Amino acid sequence: MPEPDLQCYNYAYMPILITEEAKCTRDELYEALKQHNVFTRRYFYPLISEFPMYRKLPSADPAHLPKAIRLSRQVLCLPMAADLKPEDQERVIHAIELICGKSQT
């Protein structure tokens, strides 16, 4: 997939959850997809509670946020567009399967 023209491209993303069943982590998939020219985003990362100006707040204590912290390390957003061609969709799917160890080819 060629890099989009930043002047006219409307970025849209489809969030997916990379769970423990996957053979890779969200960050491993994020980095590997770049090698396949698939540019994703890590949503909810970092958590606002991890920003320096909020870290000392009682509500930002990681002990109070186990689910938010876990999810912030699992959500990956795939690029999405109305004109995404079926062959590009298949290429992204195949890359994910290959990276996460679910494809033999």
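An account of the accompanying structure is given in this report. If you're wondering where the values come from, they're calculated on a predicted model, not measured in any experiment. (Residues numbered from 1 in each chain as written. Predicted model: local features only at pLDDT ≥ 70, side-chain atom pairs only at ≥ 80, totals over all residues. Heavy atoms only, no water.)

**Quick look at the side chain of Ser49**
Turning to step 1, where the next piece is worked out: Note on placement: Ser49 falls in the loop between α1 (26–35) and α2 (66–72).
Turning to step 2, where the next piece is worked out: Ignoring anything within four residues of it in the chain, the contact list for Ser49 reads Tyr54, Arg55, Ala60 and Leu65. (Helix = DSSP H or I, 4+ residues; strand = E, 2+ residues; numbered from the N terminus. Contact = heavy atoms within 4.5 Å.)

**Some details on α1**
Turning to step 1, where the next piece is worked out: Inspection of α1 places Arg26, Leu29, Tyr30 and Leu33 among the buried residues, and these make up the whole buried set. All buried residues of α1 project into a common sector of 105 degrees when viewed along the axis, lining one side.
Turning to step 2, where the next piece is worked out: Looking at the packing, one finds that the buried side of α1 touches α2, β2 (75–79) and α3 (86–99).
Turning to step 3, where the next piece is worked out: Phi turns positive one or two residues past the end of α1, at Asn37, with a value near 60 degrees. (Buried < 20%, exposed > 50% of the residue type's maximum accessible area, 1.4 Å probe, protein only. Arc of directions from axis to C-beta.)

**Brief notes about the pattern of salt bridges**
Turning to step 1, where the next piece is worked out: Applying the stated criterion across every chain yields a total of five salt bridges.
Turning to step 2, where the next piece is worked out: Between Asp27 and Arg42 there is a salt bridge; the shortest N-O distance is 3.4 Å. Of this pair, Asp27 sits in helix α1 while Arg42 sits in the loop between α1 and α2, and the two are 15 residues apart along the sequence.
Turning to step 3, where the next piece is worked out: Under the relative-accessibility criterion, Asp27 is labelled partly exposed at 31%.
Turning to step 4, where the next piece is worked out: For Arg42, a relative accessible area of 26% translates into the label partly exposed. (Salt bridge = Lys/Arg side-chain N within 4 Å of Asp/Glu carboxyl O.)

**Structural notes on the side chain of Arg26**
Turning to step 1, where the next piece is worked out: Residue placement: Arg26 occurs in helix α1.
Turning to step 2, where the next piece is worked out: The buried category is assigned to Arg26, whose relative accessible area is 1%.
Turning to step 3, where the next piece is worked out: Reaching out from Arg26, the side chain makes a polar contact with the backbone oxygen of Ser72 at a distance of 3.0 Å.
Turning to step 4, where the next piece is worked out: Leave out the neighbours within four places in its chain, and Arg26 touches Ile18, Arg42, Tyr43, Tyr45, Ser72, Arg73, Gln74, Val75 and Leu76. (Polar contact = N/O pair within 3.5 Å; in protein donor to acceptor, adjacent residues only side chain to side chain.)

**As for unusual backbone geometry**
Turning to step 1, where the next piece is worked out: That bond from Tyr45 to Pro46 is cis: its omega, -10 degrees, falls within 30 degrees of zero.
Turning to step 2, where the next piece is worked out: As for its position among the elements, Pro46 is in the loop between α1 and α2.
Turning to step 3, where the next piece is worked out: Look at Asn37: it is not a glycine, yet its phi comes out positive at around 60 degrees.
Turning to step 4, where the next piece is worked out: When you line up the elements, Asn37 lands in the loop between α1 and α2.

**What to know about α3**
Turning to step 1, where the next piece is worked out: Counted at 1.5 Å a residue, the expected span for α3 with its 14 residues is 20 Å, and the 20 Å between its end C-alpha atoms agrees.
Turning to step 2, where the next piece is worked out: Residues Asp88, Val92, Ala95 and Ile96 constitute the buried set of α3. Along α3, the residues classed as buried sweep out an arc of 100 degrees about the axis, all on the same side. The outward face of α3, more than 90 degrees from its buried face, is lined by the exposed residues Pro86, Glu87 and Glu90.
Turning to step 3, where the next piece is worked out: Check the buried side of α3 and you find it contacts α1 and β2.
Turning to step 4, where the next piece is worked out: Two residues or fewer past α3, Gly101 is found with a positive phi of approximately 80 degrees. (Expected span 1.5 Å × (residues − 1).)

Everything listed here is a matter of geometry and, on its own, says nothing about what the molecule does.
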